[in-house]
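Observations on chain architecture
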Amino acid sequence: MKKLLLASATVAALLSPWAAMAEASYFKVGLGPSRYSQPGNSATETAWNLAYGQAIDPSWGYELGYMHFGDVSRVTPGQQSSNFYSHALYAAGVASAPLNKATHAYAKVGLALIESKGSGSAAALGSAVGTRSDTNLIGGVGLDYRFSPQVSGNIEYQYFGDVYRSLVTLSAWTVGLRYGF
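1. Remarks on the overall build of the protein chain
Secondary structure summary: the protein chain contains 2 helices and 8 strands in total. Reading the helices (α) and strands (β) of the protein chain from amino to carboxyl end gives α-α-β-β-β-β-β-β-β-β. Contacts spanning at least 24 positions in sequence make up 55% of the contacts within the protein chain whose residues lie at least 6 apart. If you sum the accessible surface of the protein chain, you get close to 10,700 Å²; carbon and sulfur atoms cover 66% of it.

2. What about the environment of S59?
When you line up the elements, S59 lands in the loop between β2 (41–55) and β3 (60–75). For the pair S59 and Y106, spaced 47 residues apart in sequence, the C-alpha separation works out to 9.0 Å. Here S59 is in contact with V94, A95 and S96, once residues within four sequence places are set aside.

3. A look at the nonpolar core
Formed by 20 residues in total, the largest nonpolar core has its most connected members in Y36, F69, Y90, A112, I114, F160 and L170. For this core, the secondary structure elements donating two or more residues are β2, β3, β4 (80–98), β5 (103–122), β7 (151–163) and β8 (168–180). If one sorts the elements of this core by residue count, β4 sits on top with 4 residues. If near-sequence neighbours (up to four positions away) are discounted, L170 is found in contact with R35, Y36, F69, S86, I114, Y159, F160, G161 and V163.

4. Here we look at a nonpolar patch on the surface
Taken together, the side chains of F27, V29, L31, W48, L50, Y145, F147, L177, Y179 and F181 define a hydrophobic patch exposed on the protein surface, amounting to about 990 Å² of accessible area. For the nonpolar patch, the elements supplying multiple residues, two or more each, are β1 (25–38), β2 and β8. Considering every element that reaches the nonpolar patch, the biggest residue donor is β1, with 3 residues. By the secondary structure assignment, F27 is in strand β1. Among the residues examined, F27 registers a relative accessible area of 40% and is labelled partly exposed.

5. Quick word on the side chain of S86
Mapped onto the elements of the fold, S86 is located in strand β4. The exposure class of S86 is buried, given its relative accessible area of 0%. Leave out the neighbours within four places in its chain, and S86 touches Y36, H68, F69, G70, I114, E115, S116, V163 and L170.

6. So, the environment of G61
Inspection of the secondary structure assignment puts G61 in strand β3. It is 5.0 Å that separates the C-alpha atoms of G61 and V94, two residues lying 33 residues apart in sequence. Setting aside its immediate chain neighbours within four residues, G61 contacts Q54, A55, I56, A92, G93 and V94.

7. Some points on the packing of aromatic side chains
If you walk through the whole model with that rule in mind, you get 8 aromatic pairs. With centroids separated by 6.4 Å and ring planes inclined at 40°, the aromatic side chains of Y52 and F181 adopt a geometry described as tilted. Placement of the pair is Y52 in strand β2 and F181 in the segment after β8, with a sequence separation of 129 residues. Their ring planes at 75° and their centres at 6.1 Å tell us that Y90 and F160 sit as a pair that is edge-to-face. Of the two residues, Y90 is situated in strand β4 and F160 in strand β7; the sequence distance between them amounts to 70 residues. Exposure class is identical for Y90 and F160. Each is buried. Clustering of aromatic rings is evident, with ring pairs tying together Y52, Y179 and F181. Sitting above the plane of the Y26 ring, R178 keeps its charged end 3.7 Å from the centroid.

8. Focus: the environment of S73
Residue position: S73 is located in strand β3. C-alpha of S73 to C-alpha of A43: the two residues are 30 residues apart in sequence and 9.5 Å apart in space. In contact with S73, not counting residues within four places along its chain, are S82 and N83. In this structure the side chain of S73 is engaged in a polar contact, spanning 2.8 Å, whose partner is the side chain of N83.

Rules used throughout
Residues numbered from 1 in each chain as written. Predicted model: local features only at pLDDT ≥ 70, side-chain atom pairs only at ≥ 80, totals over all residues. Heavy atoms only, no water. Helix = DSSP H or I, 4+ residues; strand = E, 2+ residues; numbered from the N terminus. Contact = heavy atoms within 4.5 Å. Areas by Shrake-Rupley, 256 points an atom, 1.4 Å probe, with all protein chains shown as cover. Core = buried A, V, L, I, M, F, W, Y, C linked by side-chain atoms within 4.5 Å. Buried < 20%, exposed > 50% of the residue type's maximum accessible area, 1.4 Å probe, protein only. Patch = residues over 30% accessible without salt bridge, like charges linked within 9 Å, V, L, I, M, F, W, Y side chains within 5 Å. Salt bridge = Lys/Arg side-chain N within 4 Å of Asp/Glu carboxyl O. Phe/Tyr/Trp six-rings, centres within 6.5 Å; stacked < 30°, edge-to-face > 60°. Lys NZ or Arg CZ within 6 Å of the ring centre and 35° of its normal. Polar contact = N/O pair within 3.5 Å; in protein donor to acceptor, adjacent residues only side chain to side chain.

In structure tokens:
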């Protein structure tokens with residue numbers, strides 16, 4: 001009798017909606033070039049990101065993540081130096097569509113809280129530091145290729161918009177791995 005109750009409880013737990021949602025969860029890491037763009041000037045640095053997501057159904061889900069865009073540092077011959085970096089926390093809705101059994105295309109739209117910090121110094125003038133937080137709409141597109149039921153590789157482009165008093169525009173391409181559980 002105990003075995004029958006234990007087996008029934010196990011089957012009920014596995015068939016419950018929360019168990020199905022847990023299997024649709026994933027953790028993702030990525031690395032690639034970020035782009036800091038200004039009118040007439042841009043810089044490319046190394047970005048990395050971490051994200052947790054969950055599918056609500058086969059076509060829709062959400063993702064929570066962190067993106068670090070890298071540090072842009074410059075020194076000019078006149079002994080002037082500058083440093084700028086940004087990082088973001090974001091939440092996005094994700095729409096997914098299968099292209100074949102192993103490949104899925106997806107798009108995401110959400111909100112990001114972006115913190116940017118700039119500093120500069122000149123030999124004759126001293127130094128200055130400024131930090132600013134922005135909340136932006138973000139968008140992204142990507143492809144997932146499934147290597148196994150749990151592991152897939154992805155390539156993704158994300159656009160984070162204007163930051164730091166609209167002086168800089170942020171975006172990133174990343175290549176990464178996604179582990180589903």
